[in-house]
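For reference, the chains in residue letters:
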Amino acid sequence: MSTPPDAEIILSTSHTHGLVAITSGERFLDARAALHEAGFSDLPGGAFAAPLRGAQAARDTASALVHRAHDHGVSITTSSRPYLGDTGQDIAARLPGAWTATVETYPRRHWQEDIVGSLWDSGDLFQAMVHDHVRCAIVLENPAGTALLLIERPGHASGYLLGAFATEEYDDNWDDPHAPRSIVLRRSSPRRPSPTPSCPITAAPCTTGGSTPSWPR
């Protein structure tokens, strides 16, 4: 197994924010410095964004980021997935009632350990949070106090894991073998896909707001 970089920027694209970056590694503060110097701004939850306003502006942003990352000794990785924050908003809008979607980032692996004890899951979500470095997650909540956790499915090019947090009455039951199992969500392709903008570094396709996908289990 290869050793992960000690300072990494993971890029994805967003129909809301443009180019979005998540930082990772023991030297994640160096990655954050490179992003700020390249013109990225902070998003809630620990992500960073730079708008993609035209081809030339996108190329300028990409060039600045590559140079600043090199100066700080930071690796750049591009994701084929859309920004997880957009996905969380899509799912929140489809759940019954009023739900919020809050982004959380864990640049260092041990940061995610703080929420493991709050999960009520005996499936893949719990296993991923224990054994994999999950760099970004979405907490979905409703006014009744129900809370869910959404992450990208580790080890797969697509798909997401969605599971539940324990309520106050069932707290500390994260290792209960009879706890509910998380589900796998897969993003379906829209029937009429709209033209997609591209990541200026790799020209990888991303989703846009032109057509909303469905979410089969």
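Quick caveat, the model's predicted, so the values are computed rather than measured.

**Student:** Would you explain the overall build of the protein chain in this entry?
**Tutor:** Per the secondary structure count, the protein chain includes five helices and 11 strands. Each of the 217 residues in the protein chain was classed as buried or not, and the buried ones make up 42%.

**Student:** I tried to follow helix 1 (residues 28-37) on my own but got confused; where do I start?
**Tutor:** For the α-helix, the turn length of 3.6 residues means that residues three or four positions removed from each other point alike. Within helix 1 the residues assigned to the buried category are Phe28, Ala31, Ala34 and Leu35. Relative to the axis of helix 1, the buried residues are bounded by an arc of 115 degrees and lie together on one face. Its buried side turned inward, helix 1 meets strand 1 (8-14), strand 2 (18-24), strand 4 (48-50) and helix 2 (55-72). Among the residues trailing helix 1, glycine 39 stands out with phi positive, at a value near 100 degrees.

**Student:** Could you clarify how one ought to interpret the side chain of aspartate 121 in this entry?
**Tutor:** Residue placement: aspartate 121 occurs in the loop between strand 7 (119-120) and helix 5 (124-131). For the buried aspartate 121, which has no salt bridge, the nearest side chain bearing the opposite charge is arginine 181, at an N-O separation of 7.0 Å. A polar contact of 2.9 Å, which involves the side chain of aspartate 121, links it to the backbone nitrogen of glycine 123. A polar atom in the side chain of aspartate 121 sits 2.5 Å from the backbone nitrogen of serine 182.

**Student:** Sorry if this is basic, but what is going on with the environment of arginine 135 here?
**Tutor:** In this fold, arginine 135 is placed in the loop between helix 5 and strand 8 (136-141). We classify arginine 135 as partly exposed; its relative accessible area is 23%. Residues arginine 135 and isoleucine 151 lie 16 residues apart in sequence; the distance between their C-alpha atoms is 8.9 Å. Polar contacts involving the side chain of arginine 135 include one to the side chain of serine 24, which spans 2.9 Å.

**Student:** How should I be thinking about the pattern of salt bridges in this particular structure?
**Tutor:** Pairs can form between side chains of opposite charge whenever their charged atoms are close. This model, assessed by the stated rule, comprises six salt bridges. Between glutamate 26 and arginine 108 there is a salt bridge whose closest N-O contact spans 3.6 Å. With glutamate 26 in the loop between strand 2 and helix 1 and arginine 108 in the loop between strand 6 (100-105) and helix 4 (113-116), this pair connects stretches of sequence that are 82 residues apart. Taking the shortest distance from any N to any O, the salt bridge between glutamate 152 and arginine 81 comes out at 3.7 Å. Of this pair, glutamate 152 sits in strand 9 (residues 147-152) while arginine 81 sits in strand 5 (residues 75-82), placing them 71 residues apart in sequence. Owing to a relative accessible area of 8%, arginine 81 belongs among the buried residues under this scheme.

**Student:** In this structure, what is going on with the packing of helix 1 against helix 2? I would like to understand it.
**Tutor:** Contact pair helix 1 / helix 2: the axes reach a minimum separation of 8 Å and the direction vectors enclose 150 degrees. Regarding helix 1 and helix 2, the two cross each other, and that crossing is right-handed. For the pair helix 1 and helix 2, contact is made by Asp30, Ala33, Ala34, Leu35 and Glu37 and by Leu65, Arg68, Ala69 and His72, respectively.

**Student:** Help me out: how do you make sense of the nonpolar core in this one?
**Tutor:** Side chains that are nonpolar tend, in soluble globular proteins, to be buried together. Within the largest apolar cluster, 21 residues are counted, with the highest numbers of intra-cluster contacts made by Ile138, Leu140 and Leu150. Every element with two or more residues in this core is listed here: strand 2, helix 3 (84-94), strand 6, strand 8, strand 9 and strand 10 (160-165). With near-sequence residues (within four places) excluded, isoleucine 138 lies in contact with Leu84, Gly85, Gly88, Ala101, Thr102, Val103, Leu148, Leu149 and Leu150. Judged by nonpolar contacts, the second largest core, of 17 residues, contains Val116, Ala128, Val139 and Ile151.

**Student:** Can you help me understand the sheet that holds strand 5 in this one?
**Tutor:** Strands pair in a sheet through their backbones, by hydrogen bonds, and they do so in one of two ways: parallel or antiparallel. With mixed pairing, five strands are arranged side by side in an open sheet as 3-4-2-1-5. The sheet is open, and its two edges are formed by strand 3 (41-42) and strand 5, each paired on a single side. Across five bridges, the pairing between strand 1 and strand 5 is parallel. Within strand 5, the position partnered with leucine 11 by the bridge is threonine 78. Across the sheet, helix 1 is in contact with strand 1, strand 2, strand 3 and strand 4; its angle to strand 2 comes to roughly 155 degrees. Packed on one face of the sheet, helix 2 meets strand 1, strand 4 and strand 5 and runs near 135 degrees to strand 5.

Cut-offs applied
Residues numbered from 1 in each chain as written. Predicted model: local features only at pLDDT ≥ 70, side-chain atom pairs only at ≥ 80, totals over all residues. Heavy atoms only, no water. Helix = DSSP H or I, 4+ residues; strand = E, 2+ residues; numbered from the N terminus. Buried < 20%, exposed > 50% of the residue type's maximum accessible area, 1.4 Å probe, protein only. Arc of directions from axis to C-beta. Contact = heavy atoms within 4.5 Å. Lys, Arg positive; Asp, Glu negative; His and termini not counted. Salt bridge = Lys/Arg side-chain N within 4 Å of Asp/Glu carboxyl O. Polar contact = N/O pair within 3.5 Å; in protein donor to acceptor, adjacent residues only side chain to side chain. Axes fitted to C-alpha atoms, helices over the stretch in contact; angles between N-to-C directions. Left-handed = near helix turned anticlockwise from the far one by under 90°. Core = buried A, V, L, I, M, F, W, Y, C linked by side-chain atoms within 4.5 Å. Pairing = 2+ DSSP bridges.

Interpretation in functional terms is not warranted from these geometric data alone.
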